[in-house]
Amino acid sequence: MNQENDFSENAKEVKQQYLEVFDPRLYHRIYYSSLDDEVKFFLRRYHEVFTKDPLLSARCRSRRRVLEFGCGPVPVYAASAAFFTESITMSEIIPTNRSEIEFWMNSRPEALDWTPFFSYLASLGDGRKENEIADRLREVFQVVIPCDGTLEEPLAPIHQKYDVIMTTLCLEFATTTKADHRAMLGRVANLLRPGGVLLMAGALGNTSYSVGSTRYPSVSLQKEDLEDAVTSAALRVASLVTLERQTSSDEKPADHHGVFFLVAENQEEPTV
Ligand SMILES: C[S@@+](CC[C@H](N)C(=O)[O-])C[C@H]1O[C@@H](n2cnc3c(N)ncnc32)[C@H](O)[C@@H]1O
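The following paragraphs examine the structure supplied in this document. (Residues numbered from 1 in each chain as written. Predicted model: local features only at pLDDT ≥ 70, side-chain atom pairs only at ≥ 80, totals over all residues.)

## Comments concerning helix α6 (residues 95-105)
At step 1: Among the residues of α6, those classed as buried are N97, R98, E100, I101 and W104. The buried residues of α6 all sit within an arc of 155 degrees when viewed along its axis, so they share a single face.
At step 2: For α6, the secondary structure elements touched by its buried residues are α2 (24-31), β2 (88-91) and β3 (141-145).
At step 3: Immediately beyond the C-terminal end of α6, within one or two residues, lies S107, with a positive phi of roughly 50 degrees. (Buried ≥ 20, exposed ≤ 12 C-beta atoms within 10 Å, placed from the backbone. Helix = DSSP H or I, 4+ residues; strand = E, 2+ residues; numbered from the N terminus. Arc of directions from axis to C-beta. Contact = placed C-beta atoms within 7 Å.)

Here it is in structure tokens:
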């Protein structure tokens, strides 16, 4: 059965473009060679939610299974969950991005350098050093699996559900219309267990970004679009924080006017 039918042709073309040309090393060089205030905002919010927000910090150990959806080649957002959970699964549609995650998790010499980001996480508190955070992430990391948000079952053939799903700069870049974005958010929300929490970070007002000579489209979202999409996925918005753009277009060849961090809750009662 073709499960992509709820999506426009554009979403399928975007997916093909990622699969055919996305270069993780060039992406790292352009967007993650240094730590900017927008990435700091994402890391700080993830850290605060995992350590202080009662929606997460009050959970028992058996309700802390974490999935990162659409991680790209980037291990650092998952690192903010390393001391919250015993189990982090990462997911990404592009095989070369999954390989980059595996290189880093296996401490291979060819792995990309994320040191400034781990140093920043260490500076956020708890007295842990950057290498302790990296070691702990490698310890709780389970696997990086394929995902595709245009599928009815985005992790097929895996049918696992998760207590916490985190996703950064993914859904708005995997779609070009609000209807497709809403549909994809609904599919990702279906991967939550009852009582689960979605943590979503991303760009506001962005229509495209470049990696070298390749331009990737995205859907331009405002705060209200996010609230609508989350509500139509049957989740309750617990908090939504925004930050005006902090980077120049030389630093980041993208046209967003801001970034956001959203926490939403699936209100079904957990059975255990
Ligand atoms: C801008 S990158 C963000 C990567 C990373 N999460 C980050 O924060 O830098 C967009 C991501 O969306 C992923 N993506 C594109 N189409 C997708 C789809 N149909 N389903 C799931 N992810 C998709 C890409 O592979 C890529 O990793």
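## Describing the pairing of strand β9 (residues 258-266)
At step 1: Of all nine residues making up β9, seven are buried, and the element is well covered by its neighbours.
At step 2: Sheet analysis places strand β5 (residues 192-204) next to β9, joined by eight bridges and oriented antiparallel. Among the inter-strand pairings, M200 is bridged to a residue of β9, identified as L262.
At step 3: Sheet analysis places strand β8 (residues 235-244) next to β9, joined by nine bridges and oriented antiparallel. Of the residues in β9, the one forming a bridge with L243 is V259. (Pairing = 2+ DSSP bridges.)

## Points about the environment of T167
At step 1: Examined against the element boundaries, T167 turns out to sit in strand β4 (residues 162-168).
At step 2: Residues T167 and S107, spaced 60 residues apart in sequence, show a C-alpha to C-alpha distance of 24 Å.

## Some words on the site of the ligand
At step 1: Surrounding the ligand, one finds 20 residues, the nearest of these being G70, G72, G149, T168 and A174.
At step 2: At three residues, the largest contribution of residues to the shell around the ligand is made by helix α1 (residues 9-21). (Near = placed C-beta within 6 Å.)

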